[in-house]
2 protein chains.
Amino acid sequence: MRKGLLFVVSGPSGAGKGTICKKLIDKMDIELSVSMTTRKPRPGEVDTKNYYFVSEEAFVETIQVEGFLEYAKVYGNYYGTPKEIVLKKLEEGKDVVLEIDIQGALKIRESYPKGVFIFILPPSMSELRKRITGRGSESEDDINLRLGETLKEVSYIDKYDYCVVNGDINEAVNRVAAIVKAEHSRVSEDIYDLIEKYKEEI
Amino acid sequence: MRKGLLFVVSGPSGAGKGTICKKLIDKMDIELSVSMTTRKPRPGEVDTKNYYFVSEEAFVETIQVEGFLEYAKVYGNYYGTPKEIVLKKLEEGKDVVLEIDIQGALKIRESYPKGVFIFILPPSMSELRKRITGRGSESEDDINLRLGETLKEVSYIDKYDYCVVNGDINEAVNRVAAIVKAEHSRVSEDIYDLIEKYKEEI
């Protein structure tokens, strides 16, 4: 049976990776990976849908049995990608898409190098500035700091397989969809099964 | 400026690579590479459209100046892919698709390794047998010989980047179209130009 593929959609904050993933799962037969966290659920958040909400004890146990493709501690809360759940879906032939920051993506590159790594870029720094400013939650200094950070992050792009510039959101989603389709046509071990079948037929 | 990409569509005879290329150029902004030959034009064939029809002297001169991405002599006639014409289109930012047999594709892999190599497979050997039999021009023995040959050719698939099974022709064309689109999102040198632009902007 054809195995599923893991698509890691990553990039600087403000590039639009979240929107791209949401539109992708509406458009294609692909599932979004759900993270595990020790953070308390916010109003409206549903366990197993938005996150797997677990205790710190359960999370640390999972770390100890190497049960994460990646994890990180942010502002005192743990967040991680549960390995077994993702691998099971892939085994069942389902594609999985995972939205994650650059540090997380680099860890997954180590733990699951067979993943397909897609970097989402803003069309320009001035557009990124506009998007961040539009959120209205950060000062001018904070924004400049963020943009400097983004520039550093972008230098990791050579660890990725693909890069999609998110100028027009629909065009960007179409590009990611094309990558998903194309990757299923890559020459891989699956092909050798087909060739064996040919040999038996002749 | 974004450079064009060369897509080499190859595979055993009867797999449908010709039909796929024709439908691809109808659907996408991509040009078909025209071969050069010393064979005489057949009725209806147009110079520079079906082939570049040249004298043997002109062809051999082109060989001597390494002017082909690949060439071969078949039944006394030369056939070749003119390097300069293809490279010029790529420089101008145009994508080029090239339909060729497996031996030719392997030569292009040497002369232009940046090409994207796509192997077209029939859905099964029995389907391939049906397609060849349908043409009605070959004996049972010839057909068995051909299928044995095909099996040998298929073993070169690991020299290719992609493999598309041509069961349903439209699905196969869509897959090749997705490959063309996805390959333009590959992380490549072009990306570094964009990053430089980001740096200037900040």
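Just so it is clear, the model here is predicted, and its values are computed rather than measured.

S.K.: What exactly am I supposed to notice about the overall build of chain A here?
M.R.: When helices and strands are counted, chain A shows eight helices and nine strands. Structurally, chain A occupies a C-alpha span of about 70 × 40 × 30 Å along its principal axes. Buried residues in chain A amount to 47% of all 202 residues. Taking contacts inside chain A between residues at least 6 apart in sequence as the whole, the part at least 24 apart equals 66%. Each charge sign in chain A was given a centre, from 30 positive and 35 negative side chains, and these centres are 3 Å apart.

S.K.: Would you mind showing me how to read the sheet that holds strand β9 (residues 162-165) of chain B here?
M.R.: Adjacent strands of a sheet form backbone hydrogen bonds with each other and so pair up, either parallel or antiparallel. All names here are of chain B. Pairing in this open sheet of five strands is parallel, and the strands run β2-β7-β1-β8-β9 from one edge to the other. Whereas interior strands pair on both sides, the edge strands pair on one side only; in this sheet they are β2 (30-32) and β9. Shown here is a sheet whose adjacent strand axes are inclined to one another by a mean of 25°, direction ignored. As paired strands, strand β8 (residues 116-121) and β9 are joined by four bridges and run parallel to one another.

S.K.: I tried to follow the relation of the copies chain A and chain B on my own but got confused; where do I start?
M.R.: Here two copies of a chain appear, and what relates them is a rotation about an axis with a shift along it. For the pair chain A and chain B, the superposition axis carries a translation of 0.0 Å, the fit reaches an RMSD of 0.0 Å, and the rotation angle comes to 180°. The transformation relating the two chain copies, once decomposed into turn and shift, fits a two-fold axis. Proximity to the rotation axis, assessed at the C-alpha, singles out Ala178 of chain A in chain A; its C-alpha lies 2.3 Å from the axis. Of the interface residues in chain A, 100% have counterparts in chain B that sit at the interface too, so the contact is made through matching surfaces.

S.K.: What's the story with the pattern of salt bridges in this structure? I'm lost.
M.R.: Should the charged atoms of two oppositely charged side chains come close, the side chains can pair. All names here are of chain A. Tallying each qualifying case throughout the model produces 31 salt bridges over all chains. Note that Arg129 is salt-bridged to Glu140, the shortest N-O span being 3.5 Å. With Arg129 in helix α5 (residues 125-135) and Glu140 in helix α6 (residues 140-154), the pair connects residues that are 11 residues apart, well separated along the chain. Owing to a relative accessible area of 53%, Glu140 belongs among the exposed residues under this scheme.

S.K.: Would you mind going over the nonpolar core with me for this structure?
M.R.: Side chains that are nonpolar tend, in soluble globular proteins, to be buried together. Ile118 of chain A together with Ile118 of chain B are the most contacted members of the largest nonpolar core, which has 40 residues in total. Those residues in contact with Ile118 of chain B, other than ones at most four positions away along the chain, are Phe7, Val8, Val9, Ser10, Tyr160, Tyr162, Val164, Val176 and Ile179 of chain B.

S.K.: Could you clarify how one ought to interpret the sheet that holds strand β8 (residues 116-121) of chain A in this entry?
M.R.: Residues and elements named next belong to chain A. The five strands lie next to each other as β2-β7-β1-β8-β9, forming an open sheet whose pairing is parallel. Strands at the two margins of the open sheet, each flanked by one partner only, are β2 (30-32) and β9 (162-165). Going from strand to strand, the sheet's axes swing by 25° on average, the running direction of each strand aside. Alignment of strand β1 (residues 6-10) against strand β7 (residues 95-100), held across five bridges, turns out to be parallel. By the bridge assignment for β7, Phe7 is matched with Val97.

S.K.: Whenever I open this one, helix α2 (residues 56-64) of chain A confuses me. Can you help?
M.R.: Think of an α-helix as 3.6 residues a turn; residues three or four steps apart then line up on the same face. Residues and elements named next belong to chain A. Those residues of α2 that fall on the buried side of the exposure criterion are Phe59, Thr62 and Ile63. The buried residues of α2 occupy an angular sector of 105° when the element is viewed end-on, so they sit on one face. Across α2 from its buried face, at more than 90 degrees, point the exposed residues Glu57 and Gln64. Along its buried surface, α2 packs onto β3 (35-37), β5 (68-74) and β6 (77-82). Count one or two residues on from α2 and you reach Glu66, which has phi positive near 55°.

S.K.: Would you take a moment to explain the pairing of β6 of chain A for this structure?
M.R.: The side chains of a regular strand alternate between the sheet's two faces. Residues and elements named next belong to chain A. Of the strand pairs in this sheet, β3 and β6 are connected by two bridges, and their pairing is antiparallel. Each bridged residue has a counterpart across the sheet, and for Met36 the counterpart in β6 is Gly80. For β5 and β6, the ladder comprises six bridges, and the chain directions are antiparallel. Bridging across to β6, Tyr71 finds its partner in Gly80. Two successive antiparallel strands, β5 and β6, enclose a turn made up of two residues, where Tyr75 displays a positive phi of approximately 45°.

Reading the values: the criteria
Residues numbered from 1 in each chain as written. Chains lettered and ligands numbered in written order. Predicted model: local features only at pLDDT ≥ 70, side-chain atom pairs only at ≥ 80, totals over all residues. Heavy atoms only, no water. Helix = DSSP H or I, 4+ residues; strand = E, 2+ residues; numbered from the N terminus. Buried < 20%, exposed > 50% of the residue type's maximum accessible area, 1.4 Å probe, protein only. Contact = heavy atoms within 4.5 Å. Lys, Arg positive; Asp, Glu negative; His and termini not counted. Charge placed at Lys NZ, Arg CZ, Asp CG, Glu CD. Pairing = 2+ DSSP bridges. Axes fitted to C-alpha atoms, helices over the stretch in contact; angles between N-to-C directions. Least-squares fit on C-alpha atoms with pLDDT ≥ 70 in both. Salt bridge = Lys/Arg side-chain N within 4 Å of Asp/Glu carboxyl O. Core = buried A, V, L, I, M, F, W, Y, C linked by side-chain atoms within 4.5 Å. Arc of directions from axis to C-beta.

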